[in-house]
Amino acid sequence: MKSKLLFLVAVVAVSLSSCKTDDVVNPPVNQAKVDSLVSGVGYATDVYYSLKNGVVKTAPRAEWDLAFATISKSVSILINSGSKDSLFVWKSGAIADFAKAAALDNNKNLATSFDSLSWYNHSAFEQNLSPTNPYDQGWGIYNGTTHDVAGDSVYILKLADGTYKKIAIISRNATTFAFKFKIANLAANAATDTVTITPASYPTKNFIYYAVATKTVIDREPDKTTWDFVFTKYDSKLAGNPLVSGILTNEGVSSVKLVGADSTKVYTATTFTKKVSNIGFDWKHFNGSSYDIVNPYYFVHGVDGNYYQLKFTAFKYATGVTLFTVKKLN
């Protein structure tokens, strides 16, 4: 009899312990969960976060230079502006003149715009397009018969270490979705590498990445169905100080910034936007010695279909730590 009682006590204790753990990870509706993002000194780490499950993955930001869209209908190619990579159009010729490119001859710095409603629009390599040509994709021209995109432009890529490269996107195949590009040192007739990236091999990711210095394809994103936003460093295109540290929401995730009296509204009475940088960086403000939280409240419609309240409580810039609470609303 005594042994049976001890067994029952043990079972009850384990059950209570399990419930407590589940409640911390997935708190009940309207119960806030305290959490944090640790990006580190200089915000050198990208942190992918799920409102339901917490931190999903961390990855060093400086490990990549180019990122290629994995979906069939996108020709987006990002650059790592958050690590100070820069991209320029070489103005002295078309793709046929690639071997001749030997010196800087460029226009303004091109950068991906995260003010759009999708990661798959307005990437750095798409900025150089003609608004009067509906087939112009920036780096190349869409063929209405084959549905391939053929490259027509030469770019100058400045890496974070100050190295210059010339690069041209040769094509994107409509059947395999493969991107092909060539890259070389910025010198006449420099030895050229031709690289093929097959994003279709990574169907659970938004982008697949490439490191120029090591000539390596990098699979760094978590599954696109598992995260709601990433804390990162990106080019805000603000004059004077374009690089900011902040939050970019995942493809398909929508959010609302609540300002002043709006913070008393319920999520069903607000208008959500899929703007990638809607949460962004301006929930915090540098006062000269530390950061104040100035716009703490956001509603987010997550990848899991649920609605959450996100409330920032502190930003410790010296250590790259963001403190906040998450509350499930439905």
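See the structure above.
Quick caveat: nothing in here was measured; it's all calculated off a predicted structure.

K.L.:
I tried to follow the overall build of the chain on my own but got confused; where do I start?
P.N.:
Helix and strand counts for the chain come out as one helix and 22 strands. Dimensions along the principal axes, computed over C-alpha positions, put the chain at roughly 85 × 50 × 35 Å. Counting across all 330 residues of the chain, residues that qualify as buried make up 44%. The long-range share in the chain, meaning contacts at least 24 apart out of those at least 6 apart in sequence, stands at 52%. Accessible surface, the chain as shown: approximately 15,700 Å² in total, 56% of it carbon and sulfur.

K.L.:
I keep staring at the sheet that holds strand 13 (residues 207-211) and nothing clicks. Help me out?
P.N.:
In a beta sheet, neighbouring strands are held together by backbone hydrogen bonds and run either parallel or antiparallel to one another. Within the open sheet, the four strands sit side by side as 5-4-13-14. Their pairing is antiparallel. For this open sheet the edge positions go to strand 5 (77-79) and strand 14 (216-218), each flanked by a neighbour on one side alone. Adjacent strand axes in the sheet meet at a mean angle of 25 degrees when their direction is disregarded. Where strand 4 (residues 66-69) lies against strand 13, four bridges are found, and the strand directions are antiparallel. Paired with phenylalanine 68 across the bridge in strand 13 is isoleucine 208.

K.L.:
How should I be thinking about the pairing of strand 20 (residues 297-301) in this particular structure?
P.N.:
Note on strand geometry: in a regular strand, side chains alternate between the two faces of the sheet. Pairing of strand 17 (residues 254-258) with strand 20 involves five bridges; the strand directions are antiparallel. Looking at the pairing, leucine 258 lines up with tyrosine 297 of strand 20. By the bridge criterion, five bridges tie strand 20 to strand 21 (residues 307-316) in an arrangement that is antiparallel. Residue pairing across strands places tyrosine 297 opposite lysine 311, the latter belonging to strand 21. The hairpin formed by strand 20 and strand 21 contains five residues between the paired strands, and glycine 305 there has a positive phi angle of roughly 90 degrees.

K.L.:
Any chance you could explain the nonpolar core here in plain terms?
P.N.:
One broad trend across soluble globular proteins is that nonpolar side chains are buried collectively. In this structure, Leu66, Phe68, Leu87, Phe125, Trp139, Ile167 and Phe181 are the most contacted members of the largest nonpolar core, which totals 25 residues. Elements with a contribution of two residues or more to this core: strand 4, strand 5, strand 6 (86-89), strand 9 (155-158), strand 10 (164-172), strand 11 (179-185), strand 12 (192-197) and strand 13. Other than its neighbours up to four places away in sequence, phenylalanine 125 contacts Leu66, Ile77, Ile79, Leu87, Gln137, Gly138, Trp139, Tyr155, Ile167 and Ile169. Formed by 19 residues, the second largest nonpolar core is a distinct cluster that contains Val47, Tyr49, Leu51 and Tyr308.

K.L.:
So what exactly am I meant to see when it comes to the sheet that holds strand 1 (residues 33-38) here?
P.N.:
Reading across the sheet, the five strands line up as 1-22-21-20-17 and stay open at both edges, with antiparallel pairing between neighbours. Each edge of the open sheet carries a strand with a single partner, namely strand 1 and strand 17. Looking at each pair of strands side by side, their axes are set apart by 30 degrees on average, direction ignored.

K.L.:
Help me understand the pattern of salt bridges, please; the structure alone is not making it clear to me.
P.N.:
Counted according to the given criterion, the structure contains seven salt bridges. In this structure, the salt-bridge partner of arginine 61 is aspartate 46, at a minimum N-O distance of 2.8 Å. Taken together, the residues span a long stretch of sequence, with arginine 61 in the loop between strand 3 (54-60) and strand 4 and aspartate 46 in strand 2 (residues 45-50) at a distance of 15 residues. Between arginine 220 and aspartate 46 there is a salt bridge whose closest N-O contact spans 3.1 Å. Remark: aspartate 46 occurs in strand 2 and arginine 220 occurs in the loop between strand 14 and strand 15 (229-235); sequence separation between them is 174 residues. Taken individually, arginine 220 and aspartate 46 each receive the classification buried, so the pair is uniform in this respect. Each member of the salt-bridge network shares a partner with another, and the members are Asp46, Arg61, Glu63 and Arg220.

K.L.:
Sorry, what's going on with the environment of glycine 320 here?
P.N.:
With respect to the element layout, glycine 320 can be found in the loop between strand 21 and strand 22 (321-328). Placed 75 residues apart in sequence, glycine 320 and serine 245 show a C-alpha to C-alpha distance of 9.5 Å. The contact partners of glycine 320, leaving out residues within four places of it in the chain, are Leu37, Val38, Ser39, Gly40 and Tyr43.

K.L.:
Looking at this structure, how should I read empty space enclosed by the protein?
P.N.:
Counted according to the given criterion, the structure contains two cavities of 30 Å³ or more. Among the elements of the structure, strand 2, strand 5, strand 13 and strand 15 are those that each provide at least two residues to the lining of the largest cavity. By residue number, the principal contributor to the lining of the largest cavity is strand 15, which donates four residues. Of the residues assigned to the lining of the largest cavity, the class counts are 12 nonpolar, five polar and five charged. Size it by volume and the second largest cavity reaches roughly 50 Å³. Lining the second largest cavity are Thr112, Ser113, Phe114, Asp115, Tyr234, Asp235, Ser236 and Lys237. For the lining of the second largest cavity, the residue count by class is two nonpolar, three polar and three charged.

K.L.:
In this structure, what is going on with unusual backbone geometry? I would like to understand it.
P.N.:
Peptide bonds are mostly trans, and most non-glycine residues show a negative phi. If you check the backbone angles, tyrosine 43 has positive phi at about 55 degrees while not being a glycine. By secondary structure assignment, the location of tyrosine 43 is in the loop between strand 1 and strand 2. Given the relative accessible area of 11%, tyrosine 43 is considered buried. In this structure, lysine 215 takes a positive phi of about 55 degrees despite not being glycine. Relative to the helices and strands, lysine 215 is located in the loop between strand 13 and strand 14. Judged by relative accessible area, lysine 215 falls into the exposed class, the value being 53%.

Thresholds, definitions, all that
- Residues numbered from 1 in each chain as written.
- Predicted model: local features only at pLDDT ≥ 70, side-chain atom pairs only at ≥ 80, totals over all residues.
- Heavy atoms only, no water.
- Helix = DSSP H or I, 4+ residues; strand = E, 2+ residues; numbered from the N terminus.
- Buried < 20%, exposed > 50% of the residue type's maximum accessible area, 1.4 Å probe, protein only.
- Contact = heavy atoms within 4.5 Å.
- Areas by Shrake-Rupley, 256 points an atom, 1.4 Å probe, with all protein chains shown as cover.
- Pairing = 2+ DSSP bridges.
- Axes fitted to C-alpha atoms, helices over the stretch in contact; angles between N-to-C directions.
- Core = buried A, V, L, I, M, F, W, Y, C linked by side-chain atoms within 4.5 Å.
- Salt bridge = Lys/Arg side-chain N within 4 Å of Asp/Glu carboxyl O.
- 1 Å grid on protein atoms, 1.4 Å probe; cavity = no way out; pocket = protein on both sides within 12 Å on 5 of 7 lines; lining within 4 Å.
- Points joined across faces, edges and corners; volume = space filled by probe spheres on them.
- Nonpolar A, V, L, I, M, F, W, Y, C, P; charged D, E, K, R; others polar.

Geometry only, nothing functional implied.
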